Amino acid sequence: MTWDWQIFCTETVTGEVLPGCFGRGGDITYLNWLMSAWGWTLSVSALALIVALVFGSLMGILRTTPDRRLVFFGNAWTELFRNIPLLVQIFLWYHVLPSLFKPLQAFPSFVLVVFALGFFTSARISEQVRAGIQSLPRGQRYAGLAMGLTLPQTYRYVLLPMAFRIIVPPLTSEAMNIIKNSSVAFAVSIAELTMFALQAGEETSRNIEMYLAVTVLYFVSAFAINRAALFIENRVRVPGMIGGK
Amino acid sequence: MKKTLLAAAALLAVGAVQADTLSKIKETGTVTMGVRESSGLSYTLGDGKYVGYHVDVCQKVLSDIRKKLGLSSLTIKYQPVTSQNRIPLVQNGTVDIECGSTTNNVARQKDVAFAVTTYVEEVRIAVKADSGITSIGQLTGKTVATTTGTTSVQTLRKHERANGVDFKEVYGKDHADSFLLLESGRADAFVMDGSILAKNIATSKNPKGFKIVGEVLSVEPIAIMLRKDDAAFKAAVDESIKAQIKSGDLAKTYDKWFLQPIPPTNTTIGMPLNAATKAAWATPNDKPMEEYAKR
């Protein structure tokens with residue numbers, strides 16, 4: 001097995017090795033393409049993470065309220081998105097829903113993937129937020145209400161600040177999972193890293209170099225999230241509480 | 001010291017690759033054929049059964065080799081391969097003869113050898129029958145689907161660059177997916193190997209609703225893949241294929257798989273022999289794709 005790392009400096013149409021590895025004036029090298037693919041992966045992941053955090057937190061909170069209808073809604077949401085495989089969900093969003101609801105056809109596949117990945121992950125985050133809130137002693141909630149806080153205020157000032165601190169570690173895993181799960185986006189025409197590896201590997205017959213480069217970028221992305229989350233975890237810990245020192 | 005190490009390493013490397021396939025077949029009475037799970041020229045019917053145009057061609061080749069070696073019986077083992085692992089499996093000796101649908105190109109010729117070309121694929125455009133599109137020039141501003149991990153993506157990109165046609169590309173994760181993009185109206189055209197287009201159209205809900213149009217965007221010689229540096233084995237395979245061409249057997253095999261109803265659904269692909277393949281049969285050769293390139 002001989003390595004050929006020059007392949008990344010090769011122009012994708014002419015097959016010439018360009019000096020400097022980055023193409024200029026309309027020339028695109030495999031390295032240019034790889035970076036663009038990384039950009040797509042990060043964009044899908046970042047936006048899906050926002051969707052997942054917003055909907056996941058909301059559903060998790062609903063599931064701990066005293067109102068049975070809200071609890072039912074939160075549970076239904078969580079079970080719906082938790083029990084269908086991610087790849088199937090992506091296809092549902094891309095092929096099935098647009099044929100049922102015509103206006104969805106105007107949506108670019110990027111938006112549909114962000115929602116598919118975001119909602120899939122929101123089910124998992126909802127579960128963690130619910131667990132975080134329920135792990136708090138029941139007295140916390142009663143104390144908040146007894147002090148005259150409304151229910152939303154009790155959540156805002158008493159329950160959520162503690163619950164979210166407790167669930168930082170599992171949330172970290174979810175954020176890292178989003179990066180890794182974003183690889184399914186290639187199934188609906190997003191030019192992200194996995195697709196790059198398949199396509200560039202076929203074009204250059206250098207599959208192993210391509211997979212290694214992509215592996216490194218996935219690792220770097222997920223590990224960066226891990227470090228950022230660790231930083232947040234250290235900054236928000238409160239002495240004496242769960243997770244604190 | 002360094003030199004002897006190097007020499008030893010080189011010997012080992014050669015020892016691993018330099019299998020004389022013919023004597024290996026003669027000694028063991030078995031041969032391993034590389035096949036594809038689902039490809040135009042080689043696919044599975046389940047239960048470890050593999051069929052297709054290239055599988056038939058290879059079985060005839062192996063029966064000729066059996067006669068040549070004077071063996072009374074030859075066991076053929078089928079080894080499914082994928083686009084990713086087919087070359088390494090041929091190199092390391094797992095697969096003796098690969099009968100999937102591999103394009104013969106210069107890059108691959110560095111790693112493996114190819115028998116004479118048995119089929120030349122033409123990259124074409126499929127559109128909806130009522131779309132009014134008849135050539136690649138009309139695709140400006142349109143959405144074109146093709147399948148990730150195929151050379152058609154590269155062909156399309158080259159055309160886009162060379163002719164200034166500006167279209168939007170969408171990629172299916174496999175051929176069925178790309179065809180769905182065309183069928184559901186997410187794409188206006190599907191650019192792919194002619195045989196794959198024909199097969200997808202033949203097995204679609206409404207075969208009359210689609211047609212293959214336009215110029216040939218590129219041609220790709222498809223050949224049976226062998227280990228490199230095994231001249232005797234390659235000669236035996238080539239000899240058998242040339243004999244099949246001469247006797248008209250190859251044309252019959254082609255007819256069976258492309259013009260007659262085929263399993264599992266008994267649909268007919270309905271793709272007559274194309275000009276490029278006829279030319280390749282007239283003068284059998286193992287030229288790579290790059291030498292076919294016209295344009």
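Calculation criteria
Residues numbered from 1 in each chain as written. Chains lettered and ligands numbered in written order. Predicted model: local features only at pLDDT ≥ 70, side-chain atom pairs only at ≥ 80, totals over all residues. Heavy atoms only, no water. Helix = DSSP H or I, 4+ residues; strand = E, 2+ residues; numbered from the N terminus. Rg over C-alpha atoms; globule rule 2.2 N^0.38 Å. Buried < 20%, exposed > 50% of the residue type's maximum accessible area, 1.4 Å probe, protein only. Contact = heavy atoms within 4.5 Å. Areas by Shrake-Rupley, 256 points an atom, 1.4 Å probe, with all protein chains shown as cover. Patch = residues over 30% accessible without salt bridge, like charges linked within 9 Å, V, L, I, M, F, W, Y side chains within 5 Å. Salt bridge = Lys/Arg side-chain N within 4 Å of Asp/Glu carboxyl O. Expected span 1.5 Å × (residues − 1). Domains from an automatic or database assignment. Buried area = accessible area lost by both parts, 1.4 Å probe. Polar contact = N/O pair within 3.5 Å; in protein donor to acceptor, adjacent residues only side chain to side chain. Nonpolar A, V, L, I, M, F, W, Y, C, P; charged D, E, K, R; others polar. Disulfide = S-S within 2.5 Å. UniProt positions renumbered as here; feature names shortened; annotations may be inferred. Core = buried A, V, L, I, M, F, W, Y, C linked by side-chain atoms within 4.5 Å.

*Asks:* Account for the overall build of chain B, naming residues and giving values.
*Replies:* Of the regular secondary structure elements, chain B holds twelve helices and 13 strands. Taking 19 Å as the expected radius of gyration for a compact globule of 295 residues, we find that chain B reaches 21 Å, a close match to that expectation. Along the longest, intermediate and shortest principal axes, the C-alpha atoms of chain B span 65 × 50 × 35 Å. Counting only residues that meet the buried cut, chain B has 50% of its 295 residues in that class. Restricting the contact set of chain B to residue pairs at least 6 apart, pairs at least 24 apart contribute 75%. If you sum the accessible surface of chain B, you get close to 13200 Å²; carbon and sulfur atoms cover 55% of it.

*Asks:* Would you mind going over a nonpolar patch on the surface in detail, with residue names and values included?
*Replies:* All names here are of chain A. Together, V88, L92, V96, L100 and F101 make up an exposed nonpolar region whose accessible area comes to about 420 Å². Its place among the elements puts V88 in helix α3 (residues 86-100). Residue classification places V88 among the partly exposed positions, given a relative accessible area of 39%.

*Asks:* An account of the environment of T41(A) is requested, with residue identities and associated values reported.
*Replies:* Residue and element names in this part refer to chain A. Position of T41 among the secondary structure elements: in helix α1 (residues 30-62). Judged by its relative accessible area of 0%, T41 is buried. Separated by 138 residues in sequence, T41 and I179 place their C-alpha atoms 7.2 Å apart. Not counting the four nearest positions on each side in its chain, T41 is found in contact with I179, S182, E192, L193 and Y218.

*Asks:* Go over helix α4 (residues 109-134) of chain A, please, and point to the residues and values.
*Replies:* Helix length check: α4(A) (26 residues) gives 37 Å between terminal C-alpha atoms against 38 Å at 1.5 Å per residue, within 8%. Counting buried residues in α4(A) gives 20 out of 26 residues, a clear majority hidden from the surface.

*Asks:* Before we move on, could you go through the domain arrangement of chain B and cite the residues and values that matter?
*Replies:* All names here are of chain B. Domain boundaries in chain B define domain 1 (13-118 + 223-293) and domain 2 (122-220). Each of domain 1 and domain 2 has a C-alpha centre, and these two points are 28 Å apart. Both faces considered, domain 1 and domain 2 share a buried interface measuring about 980 Å² in area, 70% of it formed by carbon and sulfur atoms. Three residues stand out in domain 1 for area buried against domain 2, namely I269, M271 and M289, and they jointly supply 38% of the buried area on that side.

*Asks:* Which residues make up the interface of chain B and chain A, and what values do they have?
*Replies:* Each side of the interface is counted separately: chain B has 22 residues, and chain A has 26 residues. Regarding the contact of chain B and chain A, the summed buried area is about 2100 Å², with carbon and sulfur atoms giving 49% of it. Counting the contacts that link chain B with chain A gives four salt bridges. Among the ionic pairs, E202(A) bridges to R108(B), the shortest N-O distance being 3.2 Å. Linking chain B to chain A there are eight residue pairs in polar contact (both at pLDDT 80 or more). Those elements giving two or more residues to the side of chain B that touches chain A turn out to be α5 (106-109), α6 (151-163), β9 (168-172) and α7 (175-183) of chain B. Ranked by residue count, the leading element in the side of chain B that touches chain A is α6(B), at six residues. Residues of the side of chain B that touches chain A, tallied by class, amount to six nonpolar, eight polar and eight charged.

*Asks:* Can you tell me about unusual backbone geometry, naming the residues and giving the values?
*Replies:* Along the chain, P263(B) connects to P264(B) via a cis peptide bond; the corresponding omega equals 0°. Topologically, P264(B) is positioned in the loop between β12 (261-262) and β13 (267-268). The backbone of C21(A) sits at a positive phi, close to 70°, despite the residue not being glycine. Looking at the element boundaries, C21(A) is found in the segment before α1. In this model, D229(B) sits at a positive phi of 60°, which is unusual for a non-glycine residue. Assignment of secondary structure puts D229(B) in the loop between β11 (210-226) and α9 (231-247).

*Asks:* For the state of the cysteines, give the residues involved together with the corresponding values.
*Replies:* Evaluation of the coordinates by the stated rule reveals two disulfides over all chains. Through a disulfide, C9(A) is tied to C21(A); the S-S separation comes to 1.8 Å. Here C9(A), found in the segment before α1, pairs with C21(A), found in the segment before α1; they are twelve residues apart in sequence, far enough to count as distant. Two residues, C58(B) and C99(B), share a disulfide whose sulfurs are 1.9 Å apart. Judged by the sign of its S-S torsion, about -90°, the cystine formed by C58(B) and C99(B) is left-handed. Of this pair, C58(B) sits in helix α3 (residues 53-69) while C99(B) sits in strand β5 (residues 97-103); the two residues are 41 residues apart in sequence, bridging distant segments of the chain.

*Asks:* Tell me about the UniProt feature "domain: Solute-binding protein family 3/N-terminal" (unreviewed entry) in chain B, residues and numbers included.
*Replies:* As annotated in UniProt, the feature "domain: Solute-binding protein family 3/N-terminal" (unreviewed entry) corresponds to residues 30-261 of chain B in the numbering used here. Each end of residues 30-261 of chain B is marked by a C-alpha atom, and these two atoms are 32 Å apart; helix forms 37% of the span and strand 31%.

*Asks:* Summarise the environment of L41(B); cite the residues concerned and give the values.
*Replies:* Summarising the element assignment, L41(B) is placed in the loop between β1 (30-36) and β2 (43-46). For L41(B) and Y254(B), which are 213 residues apart along the polypeptide, the C-alpha to C-alpha distance reads 10.0 Å.

*Asks:* Requested: an account of the nonpolar core, with residues and values cited.
*Replies:* Membership of the largest hydrophobic core comes to 44 residues, with the highest contact counts inside it found for I90(A), V113(A), I133(A) and I190(A). Listed by contribution, the elements that provide at least two residues to this core are α1, α2 (68-82), α3, α4, α6 (151-166) and α7 (168-181) of chain A. The biggest single contributor to this core is α4(A), with twelve residues. Excluding its chain neighbours within four sequence positions, the residues that come into contact with I133(A) are I61(A), T64(A), R141(A), Y155(A), L160(A) and A163(A). Among the nonpolar cores identified, the runner-up in size contains 41 residues, and M33(B), V51(B), L74(B) and A115(B) belong to it.

*Asks:* Got a sec to walk through the UniProt feature "transmembrane region" (unreviewed entry) in chain A? Specific residues and values, please.
*Replies:* All names here are of chain A. Summarizing the sequence annotation, UniProt attributes the feature "transmembrane region" (unreviewed entry) to residues 37-59, 80-97, 103-121, 178-198 and 210-232 in the numbering used throughout. As a span, residues 80-97 carries 83% helix and 0% strand, and end to end its C-alpha atoms are 15 Å apart. Secondary structure across residues 178-198 divides into 48% helix and 0% strand, with the first and last C-alpha atoms of the span separated by 20 Å.

*Asks:* Summarise the environment of K142(B); cite the residues concerned and give the values.
*Replies:* Residue and element names in this part refer to chain B. Mapped onto the elements of the fold, K142 is located in the loop between β7 (119-128) and β8 (143-147). A relative accessible area of 29% means that K142 is categorised as partly exposed. On a C-alpha basis, the gap between K142 and F167 in space is 5.2 Å, while along the polypeptide they are 25 residues apart. The residues contacting K142, other than those within four sequence positions of it, are I133, F167, K168 and D188.

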